[in-house]
Amino acid sequence: MLYNMSGRLDTAHRKMDTQSHGDAQRHLGNGHASLASPLKLFGQAKKRINEIFQDIKAYSHETEAFLTGISADASVVTPEEVTQVKAVRDKVSGIGEVLARDHMKVAFFGRTSNGKSTVINAMLRNKILPSGIGHTTNCFLQVEGTEGTEAYMLTDDSMEPKNVQSVRELASALSSVKLSEDSLLRIVWPKEKCNLLKDDVVLVDSPGIDVSPNLDAWIDKFCLDADVFVLVANSESTLMQTEKNFFLKVNDKLSKPNVFILNNRWDASVSEPEMMEEVKKQHLERNVAFLVDELKVVNRQEAEDRVFFVSARETLISRTHQETGTPTPTGSLQEGYQARLFEFADFERKFEECISKSAVQTKFEQHTERGKTISSQLKAVMDAVYDRTIHCKDERSTKKSETSSRLDFVESQLNLLINEIKDKIRSMVEDVENKVTRALNEEIRRLFLLVDEFDRPFHPDSNLVAVYKKELHVYVEEGLGRNLQAKCSEVVLRGMESAEKEMTERITPLLPDDTRQQVLNCLPRRDFEIAYRLDCRNLCADFREDIEFRFSYGITSLMRRFLGPRNAHTPLRGYTDYNPRPMTPQTPVREAVPAPVVDENEVMLTVLSTFSSRSTIGVIVVGGLVTKAVGVRIIAVVGALYASLYIYERLAWTNKARERAFKRQYVDYATRKLKLIVDLTSSNCSHQVQQELSSTFARLCQNVDSAKTDLEEELKQLTKETAKLDEVASKAKLLRNKAGFLDMELDSFVTQYLKHTT
């Protein structure tokens, strides 16, 4: 074989020898017999990484919404975590936009007129870029694909599409309209017209590196994101120092760039076949030495696979006529062109493998690492939220259990206390009732002393007696009340205070601390007083005094003394009180009232009438017998003594005597009336004590009920919070697991695409 120096053409020539038709041989050289393009790997990897980042984006939005929804609870999520997730969301969105724009970029550099534009046109199978003799390309040209059907051009200063034909005027160095050397014209070409562009490959043509000193600016602007660099050299000359210097600068900016060297115009070697092998060997050795020894980007074996000897002009002619289905003009292809076509196709194959691997590595490795960092950050946030949620849930559950136990304890203790305090109040009420009964009975027995101490002017006039009686009512009521208070109130109040203190001490342990202090401050009450409601004025309203003079030894007094108040009237009035028993029931007789007052004059008249009407003769006989037996003198002496006694008593019946009689009658009457209300008064006092103690206990129980209500509300709130925290924990766990799943997806991507390409 003639062209087997690179070791790549033996198989191609064997295939070519088996073809009998020239067009079939050209068809093979144009790359249509190759297997599936390695560029598909980049498309598959790009599609997969975009899907993963779409999931990460959705996950970040879901995480943000979740954290924002629970951000009110600072014990579960912190504001810093919410801010961090929002920043991650924005970062993911930015990465997604970059991934959508990511493509494989190959930059073509070389000296002026080395055929860079022709090489690109040959790869695109169409004469898109201006090319020709001399300095043709005046600025940077970028060819990229579009899903549309129309080609157009974009400039740096405008995003308005322009006619693609105008590229020859703007980009050609021969045109009168010249752009600056670092300007960029973007040629957007329909993907359906070029398989290379379908796989997101962007080709960048450049002016000659020997026409401008601004190489550093070029590198910074157009080379830093390139995946492959193609040095288009002129096979009619050796590799120039200008070309080496440029790529040495690129090597300084980028770590081990992927560099291919195309020795273009190799069809010129046909004119000197005897020197072809030696020249090719010389070019190969120098190119390999540059890649291995100076750039140090590959080893020697790899370097030999990066050097190619091609004719871009012949490839472009062959492919354009093949695409249009027209025959190739005679003389346009030199002898042995099939080998050069295969070499160009081999370059494209190696280039596609290299750029695909390089682009996947350079474009997606960093994004994969950032994706793993993002998933790790979100997983860490979800881990922290989950741990805090579980901790808060455990705290709420513990507190809920304690609150439930506390509520049960309060209810049981309150029921027990209610029964005990009721028994205590009942016992104390009975004791108070007994104390008041004993004290009131004792005061009734001593009533005469209290009445005797009443010192007000007394006059028998009925109006003045009424005033005296009214004041005496008030005095007796106040005196009895005062004495009862002295004997009962202090003891009862001490007992009540002790009972209230005991109730408070028993109740307060069931109350929360703040309520407990309030109860201790306001209980027991100190303003309670027992009211002894005797109401003597109404009780003794029926009292009728008798302060008329009564001779102690008068006939009426003697008869009352010996016969009693009721029977004394019968002999005096000459009739009895006997009445036949009535045939119909009679109404009950009211309480006996004092015997009607009998006047002495009336008695005397009654006696005289009796003597005169009934037994005058008998009395005269008896008197005569007595006089005869005793004697007139003795009867006169007795009569004188009787009259003296009457006169004495009459003279002694003063206002003072009337007052004593009034008080004696009042004491007797009031004693009878007060004895009737002893039970009522003691019951009333005990009822007051019962009401006071019950009211105090009710207030204490009300505080306990309020505390129970608070505990029940707290229990409900804790139940609600526990359920909510349970939901938050489940969601946080789910999101944490999603982060782990996304991390696994990224690991799978690394294994499938990144490790596979290394």
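Residues numbered from 1 in each chain as written. Predicted model: local features only at pLDDT ≥ 70, side-chain atom pairs only at ≥ 80, totals over all residues. Heavy atoms only, no water.

Enquirer: For this particular structure, what's the right way to read the packing of aromatic side chains?
Expert: Pairs of aromatic rings are described using the distance from one ring centre to the other and the angle between the two planes. Summed over all chains, the structure comprises 23 aromatic pairs. Arranged with centres 5.6 Å apart and planes meeting at 65 degrees, the rings of Phe308 and Phe347 form a pair that is edge-to-face. Taken together, the residues span a long stretch of sequence, with Phe308 in strand β9 (residues 307-309) and Phe347 in helix α13 (residues 337-445) at a distance of 39 residues. The buried category is assigned to Phe347, whose relative accessible area is 0%. (Phe/Tyr/Trp six-rings, centres within 6.5 Å; stacked < 30°, edge-to-face > 60°. Helix = DSSP H or I, 4+ residues; strand = E, 2+ residues; numbered from the N terminus. Buried < 20%, exposed > 50% of the residue type's maximum accessible area, 1.4 Å probe, protein only.)

Enquirer: Quick question: what am I supposed to make of helix α22 (residues 655-676) here?
Expert: Helical periodicity: at 3.6 residues per turn, an α-helix aligns residues three or four positions apart in one direction. Under the 1.5 Å per step criterion, the end-to-end length of α22 is 31 Å for 22 residues, consistent within 8% with the ideal 32 Å. For α22, the set of buried residues is Ala657, Glu659, Ala661, Phe662, Lys663, Tyr666, Val667, Tyr669, Ala670, Thr671, Lys673 and Leu674. (Expected span 1.5 Å × (residues − 1).)

Enquirer: Teacher, can you tell me more about the side chain of Ser682 here?
Expert: Turning to its location among the elements, Ser682 is positioned in helix α23 (residues 678-757). Of note is the side chain of Ser682, whose polar atom sits 3.0 Å from the backbone oxygen of Asp679. If sequence neighbours within four positions are ignored, Ser682 has contacts with Glu433, Val436 and Thr437. (Polar contact = N/O pair within 3.5 Å; in protein donor to acceptor, adjacent residues only side chain to side chain. Contact = heavy atoms within 4.5 Å.)

Enquirer: For this particular structure, what's the right way to read the pairing of strand β6 (residues 201-205)?
Expert: Each regular strand carries side chains that alternate between the two faces of the sheet. In terms of burial, β6 is a largely internal element, 5 of the 5 residues being buried. Of the two faces of β6, the one holding Val201, Leu203 and Asp205 and the one holding Val202 and Val204 are both buried throughout. Across 4 bridges, strand β1 (residues 104-109) lies against β6 in parallel orientation. Its bridge partner lying in β6, Ala107 is registered against Val204. Taken together, the 3 bridges between strand β2 (residues 140-146) and β6 define a ladder with antiparallel strand orientation. (Pairing = 2+ DSSP bridges.)

Enquirer: Whenever I open this one, the sheet that holds β1 confuses me. Can you help?
Expert: Adjacent strands of a sheet pair through backbone hydrogen bonds, lying either parallel or antiparallel. What the 9 strands build is an open sheet, ordered β4-β3-β5-β2-β6-β1-β7-β8-β9; its pairing is mixed. Edge positions in the sheet fall to β4 (158-162) and β9, since each has one partner strand and no second. Here the strands of the sheet are splayed against their neighbours by 20 degrees on average, with no regard to which way each runs. Relative to strand β8 (residues 259-264), strand β7 (residues 228-234) runs parallel, the two sharing 6 bridges. Each bridged residue has a counterpart across the sheet, and for Ala233 the counterpart in β8 is Asn263. Where helix α5 (residues 116-124) meets the sheet, its contacts fall on β1, β2, β6, β7 and β8, and the angle it forms with β6 comes to roughly 160 degrees. (Axes fitted to C-alpha atoms, helices over the stretch in contact; angles between N-to-C directions.)

Enquirer: Help me out: how do you make sense of the packing of helix α15 (residues 462-507) against α22 in this one?
Expert: Packed helices, taken two at a time, are described by their axes: the angle between them and the distance between them. Here α15 crosses α22 at 50 degrees, and the two axes come no closer than 12 Å. Regarding the angle of α15 to α22, the classification is oblique. For the crossing formed where α15 meets α22, the hand is right-handed. Contacts from Val465, Tyr468, Lys469, Leu472, His473, Val476 and Leu480 of α15 reach α22 at Glu659, Phe662, Lys663, Tyr666 and Leu674. Here the residues of the contact of α15 with α22 are counted per class, giving 8 nonpolar, 1 polar and 3 charged. (Parallel < 35°, antiparallel > 145°, perpendicular 65-115°, else oblique. Left-handed = near helix turned anticlockwise from the far one by under 90°. Nonpolar A, V, L, I, M, F, W, Y, C, P; charged D, E, K, R; others polar.)

Enquirer: Which parts of the structure should I look at to understand a negative patch on the surface?
Expert: A contiguous patch of negative charge on the surface is contributed by Asp514, Asp710, Glu712 and Glu713. Among the elements that take part in the negative patch, α23 stands out by supplying 3 residues, more than any other. Structurally, Asp710 is set in helix α23. Asp710 sits in the partly exposed class, given a relative accessible area of 46%. (Patch = residues over 30% accessible without salt bridge, like charges linked within 9 Å, V, L, I, M, F, W, Y side chains within 5 Å. Areas by Shrake-Rupley, 256 points an atom, 1.4 Å probe, with all protein chains shown as cover. Salt bridge = Lys/Arg side-chain N within 4 Å of Asp/Glu carboxyl O. Lys, Arg positive; Asp, Glu negative; His and termini not counted. Charge placed at Lys NZ, Arg CZ, Asp CG, Glu CD.)

Enquirer: Looking at this model, I keep getting lost on the environment of Met382. Mind explaining?
Expert: By the element assignment, Met382 lies in helix α13. On the basis of relative accessible area, Met382 is assigned to the buried category, the value being 0%. Expressed as a C-alpha distance, the spacing of Met382 and Lys733, which sit 351 residues apart in the sequence, is 7.2 Å. If sequence neighbours within four positions are ignored, Met382 has contacts with Tyr59, Thr63, Phe66, Leu67, Ala732, Leu735 and Arg736.

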